[in-house]
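Given next are the chains, with one letter for each unit.
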Amino acid sequence: MTITKVARKATLSVVDVVALIIGLVIGAGIFETPPIVVANTGSAFVALLTWLLGGGCSLIGAVCYAELATAYPHPGGNYYYFQRAFGQGVAFLFAWARMTVIQTGSIAVLAFALGDYASQLLRLGNYSSSIYAGGAIALLTGLNILGIKQSKWTQNWLAVAQVLGLLLVIVVGLTFTNLRPDTTVSTPPTTSKNLGLAMIFVLLSYGGWNEAAYISAELRDVQRNMSRTLLFSLSIITVLFLLVNLAYIHGLGIEAMASSQAVAADLMRHTIGEPGAVFISLLVVVATLCSINATIFTGARTNYALGQDFSFFAFLGHWSERRSTPTNAVLVQGGISLVLVLLGTLTPRGFETMVDYTTPVFWFFFLLTGVSLFVLRMREPSVLRPFQVPLYPLTPLLFCAFCLYMLQSSLAYTGWGASVGVFVLLAGVPLLGIARRLDKNNQRTEK
């Protein structure tokens, strides 16, 4: 088995990575998913409880990732952990899923969120959200191919702008209006089905913190700083998410919130008029562009690693020295993302369809990440682990149990988009067989 080895200079500080994680997480979800969560919980209290639970579950996952990232700092992230724990086959399927479902689906989700808010500013006909979504992906893919990328200082300031924007929403929602008397949505009582679906969208909003695994090799003093980075980031994000949902509920009431297509814009319009709606829509567009660009950047690196390890995908392993970017990997990722935007356009709710598409595959590999922690502890006990999961094995068992619950929920309560995502993942199995045969034939030829 060949294990990818890539050396990178550690140039990122804790502040840099915290800013990157906040920028990735606060990109679209908190502006798009709260109405869906409220509609599927039925009360303000349960809705807020799910957001708190989502933060707690993310923190549990973060300490598991912190052990893996400090013991095995590598730009391949999960791809590298799976290579060591389960072998090249599982790593291949993960890279395939990340290229065709997880990362590209996330890019499409973010792009549809951008489209919803850009359409608040200037509507481009019946397919306005899709037009904006496709345009944003094409633009940012082109910029990445040219080698233009965000510097760490740009990312830091964009993260500050995102946090300040959310704080403005919180202040406006809690200050300028009174809590409305309606405390329940006119839907049937909450069921486990509804709560499971609500958690899918809550944890979608928290998604992105795990991307820290892909920059572990570039974080200064990773053994000490990775755990601090993840815990700081998620604590800040959890507090912000709770406060902004409270502001939405307080400012709009949950019936109006549940039916909103752009909840932050509706809140600002309801409280301080049309200028407030324009401002928040611009903020969401800028924040989402930031997240799309970061997601394109990190996703292409896994595709590049796949091309380095398997000759069948060798075209993905091309690195442009002049542009300092994996050109082919970025281009293929952009093309797949545009196809997914087209898929989402064929449904009434493109954003929700893309969430369905990515969720089961995402939670399957998230579960495998927790399992890999147990496997690597048993298989490689001599490896230095500067940070160890507290209360082992209870904490990773809890993480795995929650991932299993979310995997089951994502298969049971999502739409047809989930079936398409699972089918695309399974399509990687015969490709793995072809790739392995090709590599064996190449090895015989070389001999």
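Here, the structure is the one placed above.
Below you will find a few notes about this structure.

Thresholds applied
- Residues numbered from 1 in each chain as written.
- Predicted model: local features only at pLDDT ≥ 70, side-chain atom pairs only at ≥ 80, totals over all residues.
- Heavy atoms only, no water.
- Helix = DSSP H or I, 4+ residues; strand = E, 2+ residues; numbered from the N terminus.
- Buried < 20%, exposed > 50% of the residue type's maximum accessible area, 1.4 Å probe, protein only.
- Contact = heavy atoms within 4.5 Å.
- Areas by Shrake-Rupley, 256 points an atom, 1.4 Å probe, with all protein chains shown as cover.
- Core = buried A, V, L, I, M, F, W, Y, C linked by side-chain atoms within 4.5 Å.
- Phe/Tyr/Trp six-rings, centres within 6.5 Å; stacked < 30°, edge-to-face > 60°.
- 1 Å grid on protein atoms, 1.4 Å probe; cavity = no way out; pocket = protein on both sides within 12 Å on 5 of 7 lines; lining within 4 Å.
- Points joined across faces, edges and corners; volume = space filled by probe spheres on them.
- Nonpolar A, V, L, I, M, F, W, Y, C, P; charged D, E, K, R; others polar.

**Some remarks on the overall build of the protein chain**
Here comes step 1: Within the protein chain one finds 18 helices and zero strands.
Here comes step 2: Among the 447 residues that make up the protein chain, the fraction classed as buried is 59%.
Here comes step 3: For the protein chain, contacts bridging at least 24 residues in sequence account for 83% of all contacts bridging at least 6.
Here comes step 4: On the protein chain, roughly 17800 Å² of surface is accessible, and the fraction owed to carbon and sulfur atoms is 67%.

**Topic: the nonpolar core**
Here comes step 1: Counting 132 residues, the largest nonpolar core has Phe92, Tyr117, Trp209, Tyr248, Ile292 and Phe365 as the members making the most contacts within it.
Here comes step 2: Sorting elements by how many residues they give to this core places helix H6 (residues 88–121) first, with 20 residues.
Here comes step 3: Once residues within four sequence positions are removed from consideration, Phe92 is found in contact with Tyr79, Leu306, Phe310, Phe313, Gly428, Leu431, Leu432 and Ala435.

**Quick notes on the packing of aromatic side chains**
Here comes step 1: Tallied over the full model, the rule gives 21 aromatic pairs.
Here comes step 2: When the centroid spacing of 5.3 Å and the interplanar angle of 70° are considered together, the rings of Phe94 and Phe365 count as edge-to-face. Of this pair, Phe94 sits in helix H6 while Phe365 is found in helix H15 (residues 350–379), placing the two residues 271 residues apart along the sequence.
Here comes step 3: Residue Phe94 is classed as buried on the basis of its relative accessible area, which comes to 4%.
Here comes step 4: In this structure Phe365 comes out as buried when scored by relative accessible area, which is 3%.
Here comes step 5: Between the aromatic rings of Phe364 and Phe365, the centroid separation amounts to 5.0 Å while the plane-to-plane angle is 75°, which identifies the pairing as edge-to-face.
Here comes step 6: With a relative accessible area of 32%, Phe364 lands in the partly exposed category.

**A word on empty space enclosed by the protein**
By rolling a water-sized probe across the atoms, one finds the places where empty space is left.
Here comes step 1: A complete count under the given rule lists four cavities of 30 Å³ or more for this structure.
Here comes step 2: As a volume, the largest cavity reaches approximately 520 Å³.
Here comes step 3: Elements with a contribution of two residues or more to the lining of the largest cavity: helix H1 (14–25), H6, helix H9 (192–206), helix H13 (274–309) and H15.
Here comes step 4: Of the residues in the lining of the largest cavity, the class split is 17 nonpolar, 12 polar and two charged.
Here comes step 5: The wall of the second largest cavity is formed by 14 residues, among which Ser58, Leu203, Trp209, Trp363 and Phe366 lie closest to the centre.
Here comes step 6: Of all the secondary structure elements, the ones that give two or more residues to the lining of the second largest cavity are helix H4 (44–71), H9, H15 and helix H16 (394–413).

**What to know about unusual backbone geometry**
Here comes step 1: In this structure, the amide linkage connecting Tyr392 to the following residue, Pro393, adopts the cis form with an omega of 5°.
Here comes step 2: One can find Pro393 in the loop between H15 and H16.
Here comes step 3: Even without a glycine there, the phi angle at Leu391 is positive, about 60°.
Here comes step 4: The residue Leu391 is located in the loop between H15 and H16 in this model.
Here comes step 5: Accessibility expressed as a relative area gives 64% for Leu391, which makes it exposed.

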